[in-house]
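A closer look at the structure
These are the residues of each chain, in order.
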Amino acid sequence: MLERTFSIIKPDAVAAGLSGAILAEIDQAGFRFVAIKKESITKREAEGFYAIHSSKPFFSGLTDFMSSGPLYLMVLEKDNAIADLRKLMGATNPANAEEGTIRKKFARSLQENAIHGSDAPETAAFEIGYWF
């Protein structure tokens, strides 16, 4: 079933010059880029985006990190987009990610893990609407 998902190439990957390689991985996996923009976000925007995590101890560090530099915001489309992107990204902790995944190849740590992707249709709808 054709569906849309949302993704972010995070500030760590942009700063390390990995955006092109990550975009190529997404393209080669058959995703269509519906929308893409490079920008820096404010801490307030990051707090709104990650509001679901506001009570968690990592919230402040996460929003500081996500507002620390430029990132790419993307709407992607293909059959089974949400599950396929999550498989392509790999486990959140790159130490646990499968070989060949984006996080195994490009992530530095649990927080600096190169890429974000929606985890469910409802999340994708919120995230796409938040940024586009």
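As shown above, the structure is provided for reference.
Residues numbered from 1 in each chain as written. Predicted model: local features only at pLDDT ≥ 70, side-chain atom pairs only at ≥ 80, totals over all residues. Heavy atoms only, no water.

If you trace the backbone, lysine 104 turns up in helix α6 (residues 102–106). Since its relative accessible area comes to 30%, lysine 104 is described here as partly exposed. If we ignore the near neighbours within four places in the chain, the residues touching lysine 104 are Pro94, Ala95, Ala97, Glu98 and Glu99. (Helix = DSSP H or I, 4+ residues; strand = E, 2+ residues; numbered from the N terminus. Buried < 20%, exposed > 50% of the residue type's maximum accessible area, 1.4 Å probe, protein only. Contact = heavy atoms within 4.5 Å.)

Let us now look at the sheet that holds strand β2 (residues 32–39). In spatial order, the strands read β2-β3-β1-β4; together these 4 strands make up an open sheet with antiparallel pairing. Bordering the open sheet on either side are β2 and β4 (115–117), each of which pairs with just one other strand. Looking at each pair of strands side by side, their axes are set apart by 20° on average, direction ignored. In this structure, β2 lies alongside strand β3 (residues 71–79), joined through 7 bridges in antiparallel fashion. Within β3, the position partnered with lysine 38 by the bridge is tyrosine 72. The sheet contacts of helix α7 (residues 121–131) involve β1 (2–9), β2, β3 and β4, and relative to β1 the element is tilted by about 60°. (Pairing = 2+ DSSP bridges. Axes fitted to C-alpha atoms, helices over the stretch in contact; angles between N-to-C directions.)

Next up on the list: the packing of aromatic side chains. Overall, the coordinates contain 7 aromatic pairs when judged by the stated rule. Between the aromatic rings of phenylalanine 49 and tryptophan 131, the centroid separation amounts to 5.6 Å while the plane-to-plane angle is 50°, which identifies the pairing as tilted. One end of the pair, phenylalanine 49, is in helix α3 (residues 43–49); the other, tryptophan 131, is in helix α7, and 82 residues separate them in sequence. Among the residues examined, phenylalanine 49 registers a relative accessible area of 5% and is labelled buried. (Phe/Tyr/Trp six-rings, centres within 6.5 Å; stacked < 30°, edge-to-face > 60°.)

On to the side chain of serine 7. By the secondary structure assignment, serine 7 is in strand β1. Of the polar contacts made by the side chain of serine 7, one reaches the backbone oxygen of histidine 116; its length is 2.7 Å. Here serine 7 is in contact with Tyr72, Leu73, Met74, Leu76, Leu85, Ile115, His116 and Gly117, once residues within four sequence places are set aside. (Polar contact = N/O pair within 3.5 Å; in protein donor to acceptor, adjacent residues only side chain to side chain.)

This paragraph deals with the pattern of salt bridges. One pass over the structure, following the stated rule, counts 8 salt bridges. Where glutamate 77 meets arginine 4, a salt bridge forms, and the shortest distance between an N and an O atom there is 2.9 Å. On the criterion of sequence distance, the pair formed by glutamate 77 in strand β3 and arginine 4 in strand β1 is long-range, its members being 73 residues apart. Glutamate 77 sits in the buried class, given a relative accessible area of 12%. Here arginine 4 falls in the partly exposed class, since its relative accessible area comes to 40%. Among the ionic pairs, lysine 37 bridges to glutamate 39, the shortest N-O distance being 3.8 Å. Within this structure, Arg4, Arg32 and Glu77 form a network of salt bridges that share partners. (Salt bridge = Lys/Arg side-chain N within 4 Å of Asp/Glu carboxyl O.)

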